[in-house]
Amino acid sequence: MDKFRYSSYAQEVIFAPGAIAQVSDAVERFGWQRLLLCTNNSMQVNRNVDLLRSALGDRLVATFDRVQPHVQDIQVDQVLGLALEHEIEAVIGLGGGSPIGMAKAVSYALEPSIPIIAIPTTYAGSEMTAVYGITHSQENPPRKVTVNDSKIVPKLVIYDPELTLDLPPEMTASTGINALAHCIEALYSVTRHPFSTAAAIQGVTYISNSLLSCYQNGKNLEARTEMLMGAHLAGLSLAFVSMGLHHGLCHVLGGTANVPHGIANSIILPHAIRFNADVTAPQLLPVAEAMGISFIGSSPQLVMEAMAQKISELIAQMNLPQRLRDAGVDLKESDLPALAQLAFQNRTVQNNPKPITEPAQIETLLRAAW
Ligand code: NAD
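Reading the values: rules and limits
Residues numbered from 1 in each chain as written. Predicted model: local features only at pLDDT ≥ 70, side-chain atom pairs only at ≥ 80, totals over all residues. Heavy atoms only, no water. Helix = DSSP H or I, 4+ residues; strand = E, 2+ residues; numbered from the N terminus. Rg over C-alpha atoms; globule rule 2.2 N^0.38 Å. Buried < 20%, exposed > 50% of the residue type's maximum accessible area, 1.4 Å probe, protein only. Axes fitted to C-alpha atoms, helices over the stretch in contact; angles between N-to-C directions. Left-handed = near helix turned anticlockwise from the far one by under 90°. Contact = heavy atoms within 4.5 Å. Nonpolar A, V, L, I, M, F, W, Y, C, P; charged D, E, K, R; others polar. Patch = residues over 30% accessible without salt bridge, like charges linked within 9 Å, V, L, I, M, F, W, Y side chains within 5 Å. Areas by Shrake-Rupley, 256 points an atom, 1.4 Å probe, with all protein chains shown as cover. Salt bridge = Lys/Arg side-chain N within 4 Å of Asp/Glu carboxyl O. Near = heavy atom within 4 Å. Polar contact = N/O pair within 3.5 Å; in protein donor to acceptor, adjacent residues only side chain to side chain. Domains from an automatic or database assignment. Buried area = accessible area lost by both parts, 1.4 Å probe. 1 Å grid on protein atoms, 1.4 Å probe; cavity = no way out; pocket = protein on both sides within 12 Å on 5 of 7 lines; lining within 4 Å. Points joined across faces, edges and corners; volume = space filled by probe spheres on them. Phe/Tyr/Trp six-rings, centres within 6.5 Å; stacked < 30°, edge-to-face > 60°. Pairing = 2+ DSSP bridges.

Peer 1: Explanation requested: the overall build of the protein chain in the structure shown.
Peer 2: Looking only at helices and strands, one finds 14 helices and 8 strands in the protein chain. Against the globule reference of 21 Å for 370 residues, the protein chain gives a C-alpha radius of gyration of 20 Å, in line with a compact fold. The principal-axis extents of the C-alpha atoms in the protein chain amount to approximately 60 × 45 × 40 Å. For the protein chain, buried positions account for 55% of its 370 residues.

Peer 1: Help me understand the packing of helix 9 (residues 245-257) against helix 10 (residues 261-290) in this model?
Peer 2: The description of two helices packed together rests on the angle between their axes and the distance between the axes. Where helix 9 contacts helix 10, the two axes come as close as 9 Å, and the packing angle between them is 145°. Every pair of crossing elements has a handedness; the one defined by helix 9 and helix 10 is right-handed. Here helix 9 contributes Leu245, His246, His247, Leu249, Cys250, His251 and Leu253 to the contact with helix 10, which in turn contributes His261, Ala264, Asn265, Ile268, Leu269, Ala272 and Phe275. Across the contact of helix 9 with helix 10, the residue classes break down as 9 nonpolar, 5 polar and no charged.

Peer 1: Explain a nonpolar patch on the surface to me, please; I cannot follow it from the model alone.
Peer 2: A cluster of nonpolar side chains, contributed by Phe4, Tyr6 and Phe195, occupies part of the molecular surface with about 300 Å² of accessible area. Note on placement: Tyr6 falls in the segment before strand 1 (12-15). Here Tyr6 falls in the partly exposed class, since its relative accessible area comes to 33%.

Peer 1: It is not clear to me how the site of the ligand should be interpreted in this structure. Could you clarify?
Peer 2: In the vicinity of the ligand there are 28 residues, among which Ser42, Ser98, Thr121, Thr122 and Val131 approach most closely. One of the side-chain N or O atoms of His70 is found 3.3 Å from an oxygen atom in the ligand. Within the side chain of Ser98, one N or O atom sits 2.7 Å away from an oxygen atom of the ligand. Protein chains shield 86% of the accessible area of the ligand, which is 870 Å² for the free molecule. Sorting the residues of the shell around the ligand by element identifies helix 2 (41-45), helix 5 (97-109), strand 6 (131-136) and helix 6 (169-187) as the ones contributing at least two each. For the shell around the ligand, the leading source of residues is helix 5, giving 4 residues. When residues of the shell around the ligand are sorted by domain, at least three fall in each of domain 1 (12-164) and domain 2 (169-369).

Peer 1: Would you take a moment to explain the domain arrangement of the protein chain for this structure?
Peer 2: You'll often see interface size given as the accessible area lost when the parts meet. Under the domain assignment used here, the protein chain contains domain 1 (12-164) and domain 2 (169-369). For domain 1 versus domain 2, the distance between C-alpha centres works out to 25 Å. Counting residues at the interface gives 21 residues for domain 1, matched by 28 residues for domain 2. At the boundary of domain 1 with domain 2, total buried surface from both sides reaches about 2,100 Å², with 69% on carbon and sulfur atoms. For the pair domain 1 and domain 2, the number of links is 0 salt bridges. Between the two partners, domain 1 and domain 2, sit 6 residue pairs in polar contact (both at pLDDT 80 or more). For the side of domain 1 that touches domain 2, the secondary-structure elements that each account for two or more residues are strand 1 and strand 7 (143-148).

Peer 1: Would you mind going over the layout of surface pockets with me for this structure?
Peer 2: Using a probe with the size of a water molecule, rolled over the atoms, empty space left in the structure can be pinpointed. Considered as a void within the structure, the second largest pocket measures approximately 310 Å³ in volume. Around the second largest pocket, the lining residues are Arg143, Lys144, Val145, Thr146, His251, Val252, Thr256, Leu342, Gln345, Asn346, Arg347 and Thr348. Elements with a minimum of two residues in the lining of the second largest pocket: strand 7, helix 9 and helix 13 (347-350). Per element, the largest residue contribution to the lining of the second largest pocket is 4 residues, and it comes from strand 7. Its residues assigned to classes, the lining of the second largest pocket comprises 3 nonpolar, 6 polar and 3 charged. Inspection of the lining of the second largest pocket shows a minimum of three residues originating in each of domain 1 (12-164) and domain 2 (169-369).

Peer 1: Hey, could you run me through the packing of aromatic side chains in this one?
Peer 2: To describe a pair of aromatic rings, one takes the distance between the centres and the angle between the planes. One pass over the structure, following the stated rule, counts 7 aromatic pairs. A ring pair is formed by Phe4 and Tyr6, whose centres lie 6.2 Å apart and whose planes are at 20°; its orientation type is stacked. When the ring of Phe195 is compared with that of Phe240, the centres are 4.9 Å apart and the planes differ by 40°; the resulting orientation is tilted. Of the two residues, Phe195 sits in helix 7 (residues 194-216) while Phe240 sits in helix 8 (residues 221-240), which places them 45 residues apart along the sequence. In this structure Phe195 comes out as partly exposed when scored by relative accessible area, which is 41%. Residue classification places Phe240 among the buried residues on the basis of a relative accessible area of 10%. In this structure an aromatic cluster arises from ring pairing among Phe4, Tyr6, Phe195 and Phe240.

Peer 1: Can you help me understand the sheet that holds strand 5 (residues 116-120) in this one?
Peer 2: The strands that make up a sheet are held in pairs by hydrogen bonds between backbone atoms, and each pair lies either parallel or antiparallel. Taken together, 6 strands build an open sheet; the order of strands is 1-8-5-4-2-3 and the sheet is parallel. The strands lining the two open edges of the sheet, one partner per strand, are strand 1 and strand 3 (60-64). The sheet shows a mean angle of 15° between the axes of neighbouring strands, taken without regard to direction. With 2 bridges joining them, strand 5 and strand 8 (residues 156-159) adopt parallel strand pairing. Note that in strand 8 the partner of Ala118 across the bridge is Val157. Sheet strands in contact with helix 8 are strand 1 and strand 8, and its direction is about 165° off that of strand 1.

Following this line, the structure appears as structure tokens:
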């Protein structure tokens, strides 16, 4: 690729075990006085909210602690009400991609928009991007729409691996595979460039080294730290480029069939790799290398197949579902043609490096994943 164009964003990123203690100084530097926190119950249970509350003191003027997955439009209205009532100056998302997405949705809806502080506790990567998804829950079927605007890039990102020590094994595994998928789609993105490629290759290296260890022993701070660095680079590469079939399909499965985002990623990723392999093998060879796959006597296609299998094995070792029928949601095989049709209209799917010319191609993939 000899031409490229991308936007990068002004963000302060603080990464350190124990970094949550630095939030107060950082907020002070920015001059934000009245803060609203978006989070969910698990952050109360594992006391991450207490840590943040004691770090921020009376600057934290309001908390919404019931954020549901996939940012529901009805909840955005409730949080907006809180924001207006308390005249907030900045909004914090503490938790996974859902609370961070909620913080973005609230910021976006306010005029003028307000700054966002993201404190991620999963590997989903939303903290680095100018994108959020919002689910229009009253539509039939419910539809998840993405909003892309540079004004909702979090201004301050605090990565504290200690906040991830309680991330349950299943969420560790599924959001870790989500991060791996960001790197893979960034590497073959139609808008890739040298910086996104460098971030994605290093991200894959960290993730391949540490994800299984984090799953096997969540309290391993060294592995958690390496994995969070991988997730950071994955989020960074995601922020720079457009994604493809894999992400578009996961969004449709999340918004319409309510499949949790990380689970959708685990089920679809090996299939998306196989679907794209004839076009994308040259870009994905560094991933295979980072995963220790031998190239000797192999064609790029065989290397891609070995890589898809290795990722499937990792997903199986982490006990994640590998078939759509096992995703734990009310989805029937007869729903697949309609899902394929919806996915075909999805902008991200249409950005896939291998052109998708008819919904039947997606239906075949979904049936293979069924
Ligand atoms: P999530 O935010 O929905 O969280 C899933 C579950 O994990 C929740 O029950 C939460 O309470 C729990 N959890 C999170 N951190 C925990 C911790 N440290 N300890 C214990 N429990 C914890 O899931 P997610 O996969 O992080 O995010 C998915 C959402 O983010 C989707 O809506 C997806 O579309 C969006 N997303 C957006 C981007 C972007 O660039 N905008 C990128 C990735 C994902």
